[in-house]
Amino acid sequence: MDINEVSTTEDLWTPYKELAAVVDSYLSSDGGSAPYAVHTFEAVLRRQAQAFRALPHNPPKNPTSREEIKRGVTEGVTLPSLGKTMLSKELVDEAIIISDMFNVNEYLALELLHTAQRQGPRHPGLARGLLAVLLYYDGRRALLQALKDTLTARDGVCWSINAREDIVKYVTRYVDQLIRDGLLGGVLDSLRGFTLGGQLELLQQHRALPPREHHAKLARSIEGTRKLLAGVVFAASAQRGLERETLLRLINEQTTSPSQGPTGALDEVSLGLQMALLYALDLSVLHRREDGEELAKKLPLIQDPELIGILVDELLPARPAAKEPKTKAGLGALALCQLSLGLALAALRRAPQSLSLSRDQSHRDEELVDAATDNKVFEYLDEAILSTDLVMKEEYYQRRIHVLLTDFIVLMHSKLVEMRVKADEAARAIQVYVAEGLTPPPGAGQSRTRLDALLRCVERLYARDPLGLRHEYWQAEQHPPSRQVPSPGGRATILYKFVRLSGELVCPALLPGYLRALASLAVPRHTWALLSRRDALSAHHLLSALRRYHCHLRTDLAPFSETMHAASLGGSAVVTPAARPGKMLVRQEEVEAMIAALKLIAAVAREDAAASAAICETLQWDATNTMFGLMCCQIPIQLKAALCDTLSALGSAAGPAGRVWAALEAAQLVGGGRGLQADLNEIETRMEEYPLTIAFLKLLISLCSAAPLPRSLGAGTRVPGLEPYVEHVTRVALAAPHRPYKKPSQRHQILSLCYNLFTIWLEQYSPSPGDFPPPEREPDSAPPPGFRVLAQLHEQTDLLRLTLATLDEVPAMLDQQEQYLEECMSHVLTILERALSLERALVRSATEAGRSVLVLGLSKLILEPGPNGSDRLTQVCLVLAHSAALPTCAARAAALLARALLEPAAARHLHEHASYRAREIRHWFVECLDADEWPGAAGAGVRRAKELVLGVLQHTLPSAAPNLAHLLLGYHNHEDISRSALHEPGVAGSPRTCFHSVLDILDAHIAGQNTHERQADDLIESCYRLVYWVVARANTSAPALRLLRARDHFLSRHVRATTNLQTACVATLSSRSWVLRACASEVGCACCARQHAAISALLRALAATNRPQEWEGEGCLLRRCLSALPVSAPPPPEPQWELFNPTLLAQAIASCDIPAGPSSKRISVSRVHALLARDLAALPVSQPQRALVSAEIQKVLDYVTEVNKQRNLAATLTHYYDSWRQLTEIIFCVVPQDLLTLDAKKNLLISILQDLLNKIPDADPPVIPQLGVLASGTVLLLLVNLRHCYILQRKESNMKSSDFDTTFFGSSQMQTKSLPLKFILHKILSWIFVSGDQSQKLRVNLYGALLNFLNIVNMKHQDEEDGQDTTYVSRLDASRVRHSKEESSLKTMVIDDIKYYGVNLYSIIGADCVRAGHDACRMVALACIDSLIDIDPRTDWIDALSNQGLLRALIDSLLSMDEGLREAVEPNPKSLRVIYLYESKMALLCRVAGSAAGAEALLAHGALQALAELTALRSHPDIHAPSEQQFVPDQADRYRQILIPALALCDALLTTLGSENESCVHLIMHLLYTNVECMDMVLRAAHPTSAPGLLTEVEWLTSVLARCSACPAFAAGELAAERVARTRPLLAALLPRFQRAPTAPDLDLTTYYRIVCNILTFTRNTVESWFLNGEAPGPLPPYTAVLTLLQDSVSHAHHNNKALTTTLHRLDMRALLPSGDCGESGAARARSLRRQVQQCAHAACLALHLLWRMAQCSKHRADAPALNGTWQTAPGIVPAELRKELAATFSERFTQSLLDCAETQSTQRFFLDVIVKDIKTMMQF
């Protein structure tokens, strides 16, 4: 929260919550990066100072305010948060009730109710008034939390915070002023009046108690407030002590009526207050810190010269009876104050003279300590303070008691010696009485008890020592005299003497206490060194005595009589000498001593692995066998439990675990004779306590966790394995719920331990077919224990029922909050999760073993209803709601839920049940995501639960709608969820959903300043991933995007929150990647919906400016994201292996690769470890060599881990770039021009292209391969968009090409216009050179980019195209290579750059055309060569291709494609790739044929012969077969894709070499007549109304024939004449069929007129050859057909000319017409009409010429009668009739129309006029 955005709401919750957040965020930041200004923070504290001073009171009720709000029902009131508003009567009544209940101002109560109304969606099921009550208590708690944090930040003697110095100084002044104003007195008054019982009674009186499910939360809030009040006093005392009045009041209250818990110990409030007293009476800072003297001067004990005297008089009254406390707890508190003050005086007496006391107070320290010991201070410390876990939870509580005990040992060492002497005397006196059979007198053991209480305090304080305070006792040993000689009276020496000398010559009665204390103080190495000495208390003495005791018990056949055995059932083994004279006697004191000794040995074994190994391996002691042997004897149960605990500690290391297993199996405690089961049934059940069972379960847990399970255990005596132990643990677990218990918690403790064992066994088990027992014989060995547990969980067994019954106790667990119940529930959830994860493997193994019928499946069984119809998965969801209180259980529950919902049936099942309780179950998930995360294991559990919940949402999101994820995210529960409406919580009654929680988590992540170095984690990454998938899915994107835009353009804000990618972790990179992907989805959806406001907001964020048009700047986010992205992730250097063969090791590691994504792999570390461990186990080497190999294996595992890290980094970088690519590409593809102008788009395209090409190809170290492929695709698409911009701007421009290029590619940042494009071309070509054979896709993208670049440079503009001569003659006879009217400087630059690379570039691209590889790569490479030749035909490309053999290889590859082409034209082809590759090759050959050198090279290399050998050209499909519109081209179209390129090559050769080239014509005719059947089929079937595809075939075929017919050698030779004679009738028959054009409306007649022109040309050439050569004429088309064709062509020409004139006129008047009538369609129609006019005119000219030639032939026949038999007209036509037809046709009007039509041709009108006059002359004569 921003401190400058403090809410204006004045209630009793909002300001206090904001204050707590501000104080926490400010004081928790270090001094170097304080998030806010100091003066602003001071203003916030000053604003709330009155609230601190007013504690415990609220702003009081006001009659005037009450009357005003009552009138608000009719007149309305003005509220700061709402303004003028009308109030309902219910709201006023609730406000008055709250005002009366808490004595608060009515307006504040009204504001509190409004706040409760707004917070209602976060607390479903609570009424407004009840929620206001909860908010009131939560606000008080927040206020006190802020106060405590502020007091903690005060400068003092105990701690310091990591904040700025000026802030600490201000806080110190601020707090000092509050304390002077009576703050602590108000806090103590609040504690007195604010009690749980009083508040509940108050709420009950006003009927304001919340429902049962919220009752515990309210009680915790009240108790938390009381703890905070005590914490305020503690924080003030620990830092600066307490003033006189506060201190005396606190002493008086705590010595008279301290509050106690249910066990008699202090509760947390009284404990905090008494800890405050201990700190207030503490001067240990004098010897704890070097600046202790200066710090002590800040304490009231030093500042107030009279305070110490007053305290001494208060704590040591002259008349003790007059002020003696009335309670035991009060007396203990008094003793504690006396001890603390006495030690403070002792420390002060040793202080410098400047701090010394007056003479009359100098020796009262011992008097105070004596009074404390007389008042049993250590007993009180043991029973009231250290008997609970509260001290261990607070660091400074534990530190203060540690200082108290160590100061007593050091400063009052004489008192300690005196206590020990008196304790020894008392113990010996008691022994004398007992030996004489007398009862000791009362008070005889009081001195002994005091020392024993001190030792118990030491034992309990250091039993759990997370701070390592116990090491202070061993500092003298850690710094031996050789390094540092401590002074005889030094603190470290005295503490070490306490440890070392206290046990020497100690009497037996004090021995147990000393051993237990030493066990708590055990540290590695030093404790074992102390016990290694050969003295009375050495380990040798203890273990040897234990072994002798075992030997005596074995030799004594009846160590206990039945009576004694009965007495031992209760744990007592006291035996008098008279009872068993001469036998081995064991008294209770000795049992306690043995238990203490075993506890010491166990503590040493846990702390020191070397000590544990020494104890187990010393044969003289034989410790493990001795202890198990004693457990087989009839000894007290408590001793057996202690033995089990010790063995558990010894077996916790991998080395001794094997010995312990062997000794356990040899003892036969389980499964044979009278063992543990008998003790459980006969002794522990009668005692209703189960110490042995608990200890044995802990032993098994320790052994199973220390080392792999011994599969051969018990071999030789039974079936090897752990089957007896599994059976024993299972029986214990099944019977546990039904046994009696003195302590109810032991039931859950036993179940927790059993479940823990099951968990360990399941974690260590992997299903295998060999685990299933053979059906007809006994197995050779028992299966692993995990198999038995797993098999029972997947069947209807008692174990499964017990496990599910424990799961059904979730509601009870949430109410009780018992430690063992929580552990039990955590293990149950883990067991079920692990069992579900192994289900598929178990079923697969069972199927392989032929026993699948045994497995029902837990995934089905867990869906069965529980007792009272409860649902198990719903119960698991309930745990999530208590993530803050039960973080471990919540994490386990989330894991179980994630595992269970992998099955679609489970997801549907939970969704069906959740539909009936949607609001409740959704709230549980929201509570989990909203839970606070505290440092430590609890916070880690909460975070893990959140991550798993997000995983559940992401997994169930793709399921069919509606599903569970939709329900939890707030979508409506119907099929069309896209119609849902997502709002903020409370808007339109909308609840708070998981989606809101996710967005709040992400907003909190980017909040604050100085966030450039912000690092994300897995939770943030999961949140961003979920947001992306929600906005990316079609049915969820629209509602989600509306909500995101309503939250201040969520995606725009988050995409702006950039971070340093160079130092970012993997999670941060992945998070940013999902943000970019989500933005890409929003751009796509917004553009489809035309939501320009959303697009504009996102573009402003990406442009880092308010004007998205300004993209070319360095602040552009797209460019910054690209420039900052690392593109390389080099693998870690491989270490030098000393023992492994590098090659074999590399192969072994490679064999352990596992897929980790679409295109990435990871190395399985577990597989590598298992592989190397198996090899190590098979090596016959010594132990030292085995240790060396193990060290090298660890080195290998470390190396594999580093490799995985780099692979993960590479995959993440690739993912990030892919997201950037998606966003960049979709912006250029779909954003409209009104938001992103063409100029801005062009500038950004060029800038990004330069940035990208400057970063990727030259990266050092090399770029990640997958990233390089993606980058090449981006370059391709960017160049496509750049070409599109070029085309669009060129259409809108009226400039010449060179001027437009200068304007388009010019940049204010560039010196010349060609520099950007030259850089781009240079980088693309360089990338092609360095890419090698890395990836075919990379090459495809690079060639595609180069192709688009060349198309930009070589683009044919429309004005140039329109200006070209497109007559038929020019199309047939002009060269295919056309030069531009004006040579572009850009094209010159490209040509020069290509020449710079020379032959190497030809070789690379040409090799990709013919080499084996992806077909797409070859096609694009062919297209590139095509474009390069087109740009500059004068280059030596042709020679290079020919000289290097690439052209020959290209031609030869056509023959190799013949079989594939034949398969492609079959009805059901396998693939069409071969056709497209064939078309690409033929396109290149056509381009090569465009120059004379290229055409000659093609003829020389046999291109036409190769085409003639293609059998695919003879596979023409049936022409009359029906054609269907399909995605795949039909059979006829596929054939045309083969035929037409071949005919186009022939056309190109004829164009380049000319029709007179006889060699070319002969080869073309050979090609055509090789496929003469197909040619005949096409010509016979041709008709104007034929299918467009067939007409296209006729067009190309007739074009080639017409052009070849102009060659003199066309029919030369006998074979050629025969072939031509077959073709001429077919073409002659076509003219009557094509004499009239089709009359369909809006029909494009381009193909028709081309065919007509081809036929007329062929016929004209034929007639001319007959006429000129004097040959016998063949059949000619009828004159009527030619005349009809002539008339029809002229008619269509005039009609199209009129339409063209109209269209051009409309285009000229475009400004006056609607936009729909004058767009691109108008210009396209004009071009089409102009082309048809030209074609009609050309056809008319050809028809006229043919008619003239035919008329000449008729006249020649009349003039030469000798040829009358040779020359004759068509049948039925006579010259007279011809003259009649000509006369009827060539009227003046038709002649003028014909001549006007010819004006569109380049042919001179004079020539046509001559022909017309000649025809008219022949008509007359």
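Student: For the overall build of the chain, give the residues involved together with the corresponding values.
Tutor: The secondary structure content of the chain amounts to 88 helices and four strands. Residues classed as buried in the chain amount to 55% of the 1821 residues present. Once local pairs closer than 6 in sequence are excluded, the contacts in the chain between residues at least 24 apart make up 74%. As displayed, the chain has an accessible area near 79000 Å², and 52% of this comes from carbon and sulfur atoms.

Student: Could you give an account of unusual backbone geometry, naming the residues involved and the relevant values?
Tutor: Leave glycine aside and you will find that most residues have negative phi; peptide bonds, for their part, are mostly trans. Ala961 connects to Pro962 through a cis peptide bond whose omega is -5 degrees. Tracing the chain through its elements places Pro962 in the loop between helix H50 (937-956) and helix H51 (964-969). The backbone of Arg1090 sits at a positive phi, close to 55 degrees, despite the residue not being glycine. Mapped onto the fold, Arg1090 is located in the loop between helix H56 (1066-1089) and helix H57 (1092-1103).

Student: Pulling in residues and values, what's your account of the environment of Phe1319?
Tutor: Mapped onto the fold, Phe1319 is located in helix H65 (residues 1315-1331). Along the backbone, Phe1319 and Leu1253 are 66 residues apart, and their C-alpha atoms lie at a distance of 8.7 Å. Other than its neighbours up to four places away in sequence, Phe1319 contacts Gln1250, Leu1253 and Asn1254.

Student: Any chance you could break down the confidence of the model for the chain for me, citing the residues and the numbers?
Tutor: Here the chain shows a mean pLDDT of 82. Residues at 70 or above account for 86%. For the chain, helix H30 (residues 562-568) is the element with the lowest average pLDDT, namely 37, and helix H53 (residues 1018-1032) is the one with the highest, namely 94. Residue range residues 482-488 is modelled with pLDDT below 50. Its contacts to residues more than four positions away, or to other chains, number five contacts.

Student: Can you explain the nonpolar core? Please cite residues and give values.
Tutor: If you look at the biggest cluster of nonpolar residues, it comprises 583 residues, and the most contacted ones within it are Ile385 and Phe1786. Counting residues per element, this core draws most heavily on helix H7 (residues 128-152), at 14 residues. Residue contacts for Phe1786: discarding those within four places in its chain leaves Leu1683, Leu1686, Leu1744, Leu1747, Thr1791, Leu1794, Val1812, Ile1815 and Lys1816.

Student: So what about the pattern of salt bridges? Which residues, and what values?
Tutor: The final tally for this structure, using the stated rule, is 79 salt bridges. The residue Arg450 makes a salt bridge to Asp374 at a minimum N-O spacing of 3.4 Å. You can see Arg450 sitting in helix H24 (residues 446-461) and its partner Asp374 sitting in helix H19 (residues 364-374), a full 76 residues away along the chain. On the basis of relative accessibility, which here comes to 17%, the residue Arg450 falls in the buried class.

Student: Can you lay out the side chain of Asp11 for me, pointing to particular residues and giving the numbers?
Tutor: Examined against the element boundaries, Asp11 turns out to sit in the segment before helix H1 (14-27). A polar atom in the side chain of Asp11 sits 2.9 Å from the backbone nitrogen of Trp13. Polar side-chain contacts of Asp11 include one of 2.7 Å to the backbone nitrogen of Thr14. With residues near it in sequence (within four places) discarded, Asp11 still touches Leu108, Glu111, Leu112 and Thr115.

Student: Before we move on, can you summarise the environment of Gln668 with the specific residues and values?
Tutor: Inspection of the secondary structure puts Gln668 in the loop between helix H35 (654-667) and helix H36 (676-687). Expressed as a C-alpha distance, the spacing of Gln668 and Cys632, which sit 36 residues apart in the sequence, is 8.5 Å.

Student: Got a sec to walk through the packing of aromatic side chains? Specific residues and values, please.
Tutor: Taken as a whole, this structure holds 27 aromatic pairs when the rule is applied. On the basis of an interplanar angle of 10 degrees and a centroid distance of 4.4 Å, the ring pair of Tyr26 and Phe41 is categorised as stacked. You can see Tyr26 sitting in helix H1 and its partner Phe41 sitting in helix H2 (residues 38-47), a full 15 residues away along the chain. Considering the side-chain rings of Phe102 and Tyr136, the 3.9 Å spacing of their centres and the 20 degrees angle between planes classify their relative orientation as stacked.

Student: Help me get a handle on the packing of H56 against H57, residues and values and all.
Tutor: Contact geometry of H56 with H57 gives a least axis separation of 8 Å together with a crossing angle of 150 degrees. Considered as vectors, H56 and H57 are oriented roughly antiparallel to each other. Considering how the two elements wind past one another, H56 and H57 form a crossing that is left-handed. Only Ala1094, Ile1095 and Leu1098 of H57 make contact with H56, whose side of the interface consists of Cys1079, Glu1082, Val1083, Ala1086 and Cys1087. Class assignment of the residues belonging to the contact of H56 with H57 gives a composition of seven nonpolar, no polar and one charged.

Student: Quick one: what's the story with the side chain of His1745, residue by residue and with numbers?
Tutor: Among the secondary structure elements, His1745 is positioned in helix H85 (residues 1720-1759). Other than its neighbours up to four places away in sequence, His1745 contacts Arg1660, Glu1664 and Ile1811.

Student: Can you explain helix H32 (residues 609-617)? Please cite residues and give values.
Tutor: Spacing of three or four residues puts side chains on the same side of an α-helix, whose turn is 3.6 residues. Buried within H32 we find Ala611, Ser612, Ile615 and Cys616. Summarising the axial view, the buried residues of H32 lie within an arc of 130 degrees, below the 170-degree limit, and thus occupy one face. Structural note: H32 exposes Ala609 and Ala610 on the side pointing more than 90 degrees away from its buried face. At its buried positions, H32 is contacted by helix H28 (526-531), helix H29 (539-555), helix H31 (588-607), helix H33 (623-632), helix H34 (637-650) and H35. Its side-chain oxygen at 3.1 Å from the backbone nitrogen of Ala610, Asp608 defines the N-terminal cap of H32.

Student: So what about the packing of helix H43 (residues 819-837) against helix H47 (residues 887-900)? Which residues, and what values?
Tutor: When two helices pack together, their arrangement is given by the angle between the helix axes and the distance between those axes. Between H43 and H47, the least distance of the axes is 9 Å, while the angle of their chain directions is 20 degrees. Considered as vectors, H43 and H47 are oriented roughly parallel to each other. Judged by the twist between their axes, the crossing of H43 over H47 is left-handed. Counting all contacts with H43, which are made through Glu822, Met825, Ser826, Leu829, Thr830, Leu832, Glu833, Leu836 and Ser837, the residues of H47 involved are Thr888, Cys889, Arg892, Ala893, Ala895, Leu896, Arg899 and Ala900.

Student: An account of the state of the cysteines is needed here, citing residue identities and associated values.
Tutor: Counted by the stated rule, this structure contains zero disulfides. With no disulfide of its own, Cys1417 lies closest to Cys1409 among cysteine sulfurs, the gap being 8.5 Å.

Here is what the cut-offs are and how they apply
- Residues numbered from 1 in each chain as written.
- Predicted model: local features only at pLDDT ≥ 70, side-chain atom pairs only at ≥ 80, totals over all residues.
- Heavy atoms only, no water.
- Helix = DSSP H or I, 4+ residues; strand = E, 2+ residues; numbered from the N terminus.
- Buried < 20%, exposed > 50% of the residue type's maximum accessible area, 1.4 Å probe, protein only.
- Contact = heavy atoms within 4.5 Å.
- Areas by Shrake-Rupley, 256 points an atom, 1.4 Å probe, with all protein chains shown as cover.
- pLDDT = per-residue confidence, 0-100.
- Core = buried A, V, L, I, M, F, W, Y, C linked by side-chain atoms within 4.5 Å.
- Salt bridge = Lys/Arg side-chain N within 4 Å of Asp/Glu carboxyl O.
- Polar contact = N/O pair within 3.5 Å; in protein donor to acceptor, adjacent residues only side chain to side chain.
- Phe/Tyr/Trp six-rings, centres within 6.5 Å; stacked < 30°, edge-to-face > 60°.
- Axes fitted to C-alpha atoms, helices over the stretch in contact; angles between N-to-C directions.
- Parallel < 35°, antiparallel > 145°, perpendicular 65-115°, else oblique.
- Left-handed = near helix turned anticlockwise from the far one by under 90°.
- Nonpolar A, V, L, I, M, F, W, Y, C, P; charged D, E, K, R; others polar.
- Arc of directions from axis to C-beta.
- Disulfide = S-S within 2.5 Å.

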